[in-house]
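Architecture at a glance
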Amino acid sequence: MWFRRDLRLGDNPALLAAIDAGDEIVPVFILDPKLISATGSKRLAYLAQSLHALDESLDSSLHVMVGDQVDVLKELMSRYAATSVHISAEYEPYGAARDARVEAAGIPLVRTGSPYAVAPGRVLKPSDATPYKVYTPFYRAWCLHGWRKPADTPTKIKLVTPSPTDRNFPEWKMPADAIVTAAGEKAALERWKTFQKSALQNYDVARNMAGIDGTSKLSAHLKWGEIHPRTLLVNLGDSKAHDTFRKEIAWREFYADVLFNNPHTEKDYYSAKFSEMRYDKPDSKFDAWKQGLTGYPFVDAAMRQLVREGWMHNRTRMVVASFLVKDLHLEWQLGADYFQEHLVDFDVASNAHGWQWTAGSGTDASPYYRVFNPIEQGKRFDENGDYIRKYVPELAHLSAAEIHEPWLFLDGYSHGYPQRIVDHATERLESLARLQEIKADKPLDPRV
Ligand SMILES: Cc1cc2nc3c(=O)[nH]c(=O)nc-3n(C[C@H](O)[C@H](O)[C@H](O)COP(=O)(O)OP(=O)(O)OC[C@H]3O[C@@H](n4cnc5c(N)ncnc54)[C@H](O)[C@@H]3O)c2cc1C
């Protein structure tokens, strides 16, 4: 059983298939230098913790191997006389290509299940069997398609005992100042239970409020497959709150489907015309954005949350993404790469398409001309300023009425908070002017 993004025992059809196929199981995780080099310290430390958690539930039998996947799997197959290698299918470009290469090298991969309730590529328009490009009809068709019930948790697994040389657990430590959710299947199930009791009933209202614990915070668990979306979906009913939560799970599935059908959009514009837009080159303003020093309190709080927690609230992900693209006029990929470095829940499809949606170049697109106002967003979704106060101590002395616009108050800057790096109203107009330049009916600006 080759574990990758499915670090759990419960609701894991690939594991059940492995159990059915043989007498004993060889559970293995292979450290991939290519992925490691693209992963920031918080996500690596989380993965290390998750591997330990998985190992604990496998009675210390997890093989953690280093090396090329083909070499490692061939060696293990011959050592244990294994006849098949069980996996949960991967659909994003890197994982799918890796699995195809492993298979081409003669390793008999058996794919059972995927990280999704409905595997990418399955939901097609009934009219012409092509993929959906817009979320809402996808959602309807996804619901109609339906999904299986969660798979049983195996009660007993016969496991081989690894030798000490097969136990190459990485030493990645969480940075000292990081505050990141605990990893592992048990932590995921506990979080799901707590969320159902505490916040799910009010999710449709509370999910947008950045300063409260109103969302599930299951994204890192879902990313690493410590919990499967089926396990969540089976507990949802028909209330508005439950329906809203189901719709968010469906966004993850939609973006996986879109990336599967358009693999180039991992790094490239989904709507090609946006590649012709006039963008600026990253400079000190980009650094200020990364460091949470733009002078816009809601943006800065969010960027500091990202660095500290490896997670950011969905509302502020949209606000900071809009700020990067439309106030700083930078390409979305710069922001997506920075998110990739810091997010513990980094998911190639949700990240690329979350960015493109906000940048106006994605599916469905929130149209480009809908520019998020970082001040009004803060007032609306962090009314008391609690979110800002938590991450931006230089503003903690300000009241709810003051904290969103420190420039209006005498002591707004008395604790070292920086001045605004740009004027939002001016940059909004500039971004709209640049949009005008790429509109089909207008000639491109001669400055391009
Ligand atoms: C610019 C940008 C980048 C993003 N990058 C990522 C990423 O790398 N990884 C990631 O998992 N999500 C990403 N998202 C989506 C979303 O912000 C997070 O999934 C969500 O904030 C995670 O918090 P939660 O688990 O508490 O979500 P909840 O509100 O509790 O939602 C439950 C689950 O639904 C899924 N979900 C919710 N909203 C979205 C969404 N808009 N798109 C896709 N899936 C969603 C997630 O799996 C989430 O865990 C991004 C959004 C934007 C705007």
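Being a predicted model, the structure only gives us computed values, none of them experimental.

In this section: the overall build of the chain. Regarding its fold elements, the chain presents 19 helices and five strands. Relative to the compact-globule value of 22 Å for 448 residues, the chain shows a C-alpha radius of gyration of 23 Å, a close match. In terms of overall dimensions, the chain has C-alpha extents of about 70 × 50 × 45 Å along its principal axes. Nonlocal contacts in the chain, meaning residues at least 24 apart in sequence, comprise 74% of its contacts between residues at least 6 apart.

Here we come to the site of the ligand. Around the ligand, the surrounding shell holds 27 residues, and the nearest of these are Thr 215, Ser 216, Ser 219, Asn 351 and Gly 354. Listed by contribution, the elements that provide at least two residues to the shell around the ligand are helix H9 (219–223), helix H11 (240–261), helix H14 (314–327) and helix H16 (348–359). A class-by-class count of the residues in the shell around the ligand yields eleven nonpolar, eight polar and eight charged. Split by domain, the residues of the shell around the ligand number at least three in each of domain 2 (117–152 + 186–261) and domain 3 (272–438).

On to the domain arrangement of the chain. The domain architecture assigned to the chain consists of domain 1 (2–114), domain 2 (117–152 + 186–261) and domain 3 (272–438). If you average the C-alpha positions of domain 2 and of domain 3, the two centres end up 26 Å apart. At the junction of the two partners, domain 2 supplies 17 residues and domain 3 supplies 21 residues. Secondary structure elements with two or more residues in the side of domain 2 that touches domain 3: H9 and H11. Looking at which element gives the most residues to the side of domain 2 that touches domain 3, the answer is H11, with five residues. For the side of domain 2 that touches domain 3, the class distribution of residues is nine nonpolar, four polar and four charged.

Notably, Ala 129 is not glycine yet its phi reads approximately 55°, a positive angle. Along the chain, the position of Ala 129 falls in the loop between strand E5 (109–111) and helix H6 (135–145). Look at Lys 217: it is not a glycine, yet its phi comes out positive at around 50°. In this structure, Lys 217 sits in the loop between helix H8 (203–206) and H9.

Spatially, the three strands line up as an open sheet ordered E1-E2-E3, and their pairing is parallel. Among the strands making up the open sheet, the edge pair consists of strand E1 (2–3) and strand E3 (63–66). Sheet topology places E1 next to strand E2 (residues 28–31); two bridges connect them, and they run parallel. By the bridge assignment for E2, Phe 3 is matched with Phe 29. Sitting on the sheet, helix H4 (residues 69–80) touches E1, E2 and E3, and the angle it makes with E2 is about 150°.

Regarding helix H15 (residues 332–342), the residues found buried are Trp 332, Gly 335, Ala 336, Phe 339 and His 342. Seen along its axis, H15 keeps its buried residues to an arc of 130°; they face one direction. Of the surrounding elements, those touching the buried residues of H15 are helix H3 (41–57), helix H13 (297–309), H14 and H16.

Now for the environment of Asp 6. With respect to the element layout, Asp 6 can be found in the loop between E1 and helix H1 (13–21). Measuring from C-alpha to C-alpha, the distance between Asp 6 and Ser 114 comes to 8.6 Å, with 108 residues separating the pair along the chain.

Let's shift gears to the packing of H13 against helix H17 (residues 374–381). One can describe the packing of H13 onto H17 by two numbers: an axis separation of 7 Å at closest approach and a directional angle of 75°. By the criterion of interaxial angle, the relationship of H13 to H17 is roughly perpendicular. Packed against H13, whose contacting residues are Pro 297, Phe 298 and Val 299, the element H17 presents Pro 374, Gln 377 and Gly 378 at the interface. Looking at the contact of H13 with H17 residue by residue, the classes come out as four nonpolar, two polar and no charged.

Counting through the fold element by element, Leu 200 comes out in the loop between helix H7 (185–198) and H8. Look past the residues within four positions of Leu 200 in its chain and what remains in contact with it is Phe 195, Ala 241 and Phe 245.

The rules we used
- Residues numbered from 1 in each chain as written.
- Predicted model: local features only at pLDDT ≥ 70, side-chain atom pairs only at ≥ 80, totals over all residues.
- Helix = DSSP H or I, 4+ residues; strand = E, 2+ residues; numbered from the N terminus.
- Rg over C-alpha atoms; globule rule 2.2 N^0.38 Å.
- Contact = placed C-beta atoms within 7 Å.
- Near = placed C-beta within 6 Å.
- Nonpolar A, V, L, I, M, F, W, Y, C, P; charged D, E, K, R; others polar.
- Domains from an automatic or database assignment.
- Pairing = 2+ DSSP bridges.
- Axes fitted to C-alpha atoms, helices over the stretch in contact; angles between N-to-C directions.
- Buried ≥ 20, exposed ≤ 12 C-beta atoms within 10 Å, placed from the backbone.
- Arc of directions from axis to C-beta.
- Parallel < 35°, antiparallel > 145°, perpendicular 65-115°, else oblique.

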